[in-house]
Amino acid sequence: MPDHGLRITNLRCQVAGKEILKGIDLAVEPGKIHALMGPNGSGKSTLAFSVTGHPQYQVTGGSVELDGEDILVLPPDKRARAGLFLSFQYPAAIPGVKVANFLHAARQAERPGDLPPAKFRALLLEKMEQLGIDPSFMGRYLNDGFSGGEKKRLEMLQLAVLAPKYAILDETDSGLDIDALKDVGTSIAALRASEEGRNTGFLIITHYPRILSYVVPDVVHVMIDGRIVKTGGHDLAHRIEREGYDKLREESAVVA
Amino acid sequence: MPSLAPVVAARDDATQELYDRVAELDPSPLSIEQRTGALDRFLSLRSGREKPGRFWRVDFESIAPQASAIDLSAGNVRVENHDPAVFVCDLATAARKRPEPFARAFGTTGIAATKFGSLAAAFAQCGVFVHVRADHACDVPIVIHYSAPAGAAIFPWTVVLVERGARVTIVERVEGGAGAFLCGATEVVTEERADVHYAAFQNAGDGARIIWNRAARPGREARMAWASAELGGELAAGDLSVSIEAPGVQADLTAIFFPRGTQHVDVISTVDHRAGDATSETLVKTAALERGQARFLGNIRIAPHAQGSDARLRDDALLLSPTAHVDSVPALEIGANAVKAYHGATVGAIDAEQIFYMESRGLERGAAERMIALGFFEPAIERFPTAQLRDEIRAALAAKLS
């Protein structure tokens, strides 16, 4: 089925009138893990927000198709219901909204009526146990007063509960210690091992290669200055670890 | 030479009719002379509230009930009390059968010195006296229902006396039909180490005007928690106060307002730290939708000798429409130096990043906004007693948001 995949074609995007993405081509196939690497300011998060529909990110050209459907015409919630998930680098705190209620509302929105409340609760507890999350999380307000690590764990819990078709993880590794990094790897592995998530395609955005020791990518892309300058296998991440981005930047400048 | 004697305005017909109605009342718990004096005060005092202007439409100085609408029956009140050890009766019975404990609370909070407290006193007829004896723990909440029929004016007066070491939770439910007028008062007086949680939930119908005055005088080391949700009516105006006259008091004031359409809410809270080593925490959450308007004035006063006071005031307002208007005025008057006093106020719309976060999880924008708005109230809702009441408040807020 050739249409399957999260297919980004020649995507251009502006933020506050400044062009950040200068023609991105990238396709994430179901069940595959793609890593998107690049230095700070290269446009990685802009790609994540423009694909998921953040209103401040203005797409000026190109297309994004999810399993053959043009999603750029859809509002953010419909993109999510089409199967797209974004793990935020800085998740918003929403005081007064309890984690359990929010997750139930999100699951209901994305998969209406698929689980009665008792079964949903059982699913939630199971996923929390898998991720080593204390059950008291359920009664806390969404990201309110959470540490950086707790926020990332909650993003991983949402990933597990929503089991999207395609997940973009925007610097989920930033600010995490080694144990927390391992937990992210465990989360992704657990989702891929589940019936719901075995075909989830991942786009893991990072500027440090270390997370890729715990989540082994099928494809690695390198973004510099709003363009994908290199695509390769897992060894590309190792090269970046050895050489940094400067050499790739020089090569891309020569090509450009 | 002009006379310096007070000028008594000639009574017009409408005013005279009010006096005529006062004369029809039972002379208990207040004599006709006392009631007439209260009506005099109501007519001569100013409300101390904002005048009509660019935003505020309500002229509090001209508010008065229609004499013909005044319901002088002692009905319109129903009490649920499942604890036989707690004495509950109407005011006339209290004045007759328990004059001593009744007098320890009734009329001792200064409510009757205010404009609308005077009006409530002038016509106080349907009311409830709750008396909890020393060291008694009343574990089942007492529920008081006041209901103003459509088009009628009622004046409920609640008096609560809680003796030393006793504990009680009281829920006051206020309902009003279309066009009803309710002007009520609640006085809570406690002795040392008493623990009182008093919640009021008002969800009156369209066009109702609800004016209330609630005042407490907790005893030494007592805990006094007020919680008030004003959701219905065309006008909801009130005063919520605690006068701390003994050390060790813990006072919590919580209020929820949500004017929508053309509703107008106007509330003044006052915590008067007259004794030291007491804590108070005021939390107010206001959301306004469409042309809803709310005005909140939060007073904290710490007397010069009230050292060791710890007073906090937090007031958050959420504007859900460009035409909604909320004024929030925290006012701290601190006379002592060894105290902690904090106030914080926020007014704003829903954060766009919060909405996007929820949308990115599949929630439609409207559903996301509703969930965020309901969450905004939640820290205040959690300070209301009983799960049932909290759920009712959530449901009423959700209905207003829908």
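Refer to the preceding data block for the structure.
Being a predicted model, the structure only gives us computed values, none of them experimental.

Caption draft 1: Geometry of the overall build of chain B. In terms of regular secondary structure, chain B is built from 8 helices and 19 strands. Taking 2.2 N^0.38 as the reference for a compact globule, 402 residues should give roughly 21 Å; the C-alpha atoms of chain B span a radius of gyration of 21 Å, in line with that estimate. For chain B, the spread of C-alpha atoms along the principal axes amounts to about 65 × 55 × 50 Å. Classification of the 402 residues of chain B by burial places 51% in the buried group. For chain B, the proportion of contacts with a sequence separation of at least 24, taken over those separated by at least 6, is 82%.

Caption draft 2: Quick peek at the overall build of chain A. Within chain A, the secondary structure is distributed over 8 helices and 12 strands. For chain A, the C-alpha radius of gyration of 18 Å lies close to 18 Å, the compact-globule estimate for 256 residues. Considering chain A as a whole, with its 256 residues, one finds that 44% of them fall into the buried category.

Caption draft 3: Here's a closer look at the interface of chain A and chain B. Across the boundary between the two partners, chain A contributes 21 residues, which contact 20 residues of chain B. Breaking the side of chain A that touches chain B down by element, the ones donating at least two residues are helix H2 (76-81), strand E7 (94-98) and helix H3 (99-110) of chain A.

Caption draft 4: A look at helix H8 (residues 387-401) of chain B. Residue and element names in this part refer to chain B. Under the 1.5 Å per step criterion, the end-to-end length of H8 is 21 Å for 15 residues, consistent within 8% with the ideal 21 Å. Within the sequence span of H8, burial applies to Leu389, Ile393, Leu397 and Lys400. Relative to the axis of H8, the buried residues are bounded by an arc of 75° and lie together on one face. Those residues of H8 that are exposed and aimed more than 90 degrees away from the buried face are Ala387, Gln388, Asp391, Ala395 and Ala399.

Caption draft 5: Spotlight on the packing of helix H5 (residues 148-162) of chain A against helix H6 (residues 178-193) of chain A. All names here are of chain A. Close contact between H5 and H6 brings their axes to 10 Å; oriented N to C, the two are set at 5°. Accordingly, the angle class assigned to the pair H5 and H6 is roughly parallel. Within the contact between the two elements, H5 uses Gly149, Lys152, Arg153, Met156, Leu159 and Ala160 and H6 uses Ala180, Asp183, Val184, Ser187, Ala190 and Leu191. Taken together, the residues of the contact of H5 with H6 sort by class into 7 nonpolar, 2 polar and 3 charged.

Caption draft 6: Quick peek at the sheet that holds strand E4 (residues 142-148) of chain B. All names here are of chain B. Pairing is mixed across the open sheet formed by 9 strands, whose spatial order is E1-E4-E7-E9-E11-E13-E15-E17-E19. The open sheet terminates on both sides in strands that have one partner only, identified here as strand E1 (77-80) and strand E19 (340-348). Pairs of neighbouring strands in the sheet enclose a mean axial angle of 10°, with direction left out of account. Judged from the 7 bridges that link them, E4 and strand E7 (residues 167-176) form a sheet pairing that is parallel. Considered in E7, the bridge of Tyr146 is made with Val174. Helix H7 (residues 365-381) contacts strand E13 (250-257), strand E15 (279-288) and strand E17 (310-319) of the sheet and is inclined by roughly 160° relative to E15. Along the sheet, H8 contacts E7, strand E9 (195-202), strand E11 (223-230) and E13; its crossing angle with E9, the most-contacted strand, is approximately 30°.

Caption draft 7: Seen up close, the nonpolar core. Formed by 197 residues in total, the largest nonpolar core has its most connected members in Ile204 of chain A together with Ala120 and Met224 of chain B. Every residue in contact with Met224 of chain B, bar those within four places of it in the chain, is listed here: Val188, Thr190, Val196, Ala216, Pro218, Val242, Val249 and Ala251 of chain B.

Caption draft 8: The sheet that holds strand E4 (residues 57-66) of chain A, seen in detail. Residues and elements named next belong to chain A. Ordered by their spatial adjacency, 4 strands build an open sheet running E2-E1-E4-E5, and the pairing between neighbours is antiparallel. Two strands lie at the open edges of the sheet, namely strand E2 (18-28) and strand E5 (69-70), each paired on one side alone. The pairing of E4 with E5 spans 2 bridges and is antiparallel. When the sheet's bridge partners are listed, Leu66 is paired in E5 with Glu69.

What counts and how
- Residues numbered from 1 in each chain as written.
- Chains lettered and ligands numbered in written order.
- Predicted model: local features only at pLDDT ≥ 70, side-chain atom pairs only at ≥ 80, totals over all residues.
- Helix = DSSP H or I, 4+ residues; strand = E, 2+ residues; numbered from the N terminus.
- Rg over C-alpha atoms; globule rule 2.2 N^0.38 Å.
- Buried ≥ 20, exposed ≤ 12 C-beta atoms within 10 Å, placed from the backbone.
- Contact = placed C-beta atoms within 7 Å.
- Expected span 1.5 Å × (residues − 1).
- Arc of directions from axis to C-beta.
- Axes fitted to C-alpha atoms, helices over the stretch in contact; angles between N-to-C directions.
- Parallel < 35°, antiparallel > 145°, perpendicular 65-115°, else oblique.
- Nonpolar A, V, L, I, M, F, W, Y, C, P; charged D, E, K, R; others polar.
- Pairing = 2+ DSSP bridges.
- Core = buried A, V, L, I, M, F, W, Y, C linked by C-beta atoms within 7 Å.

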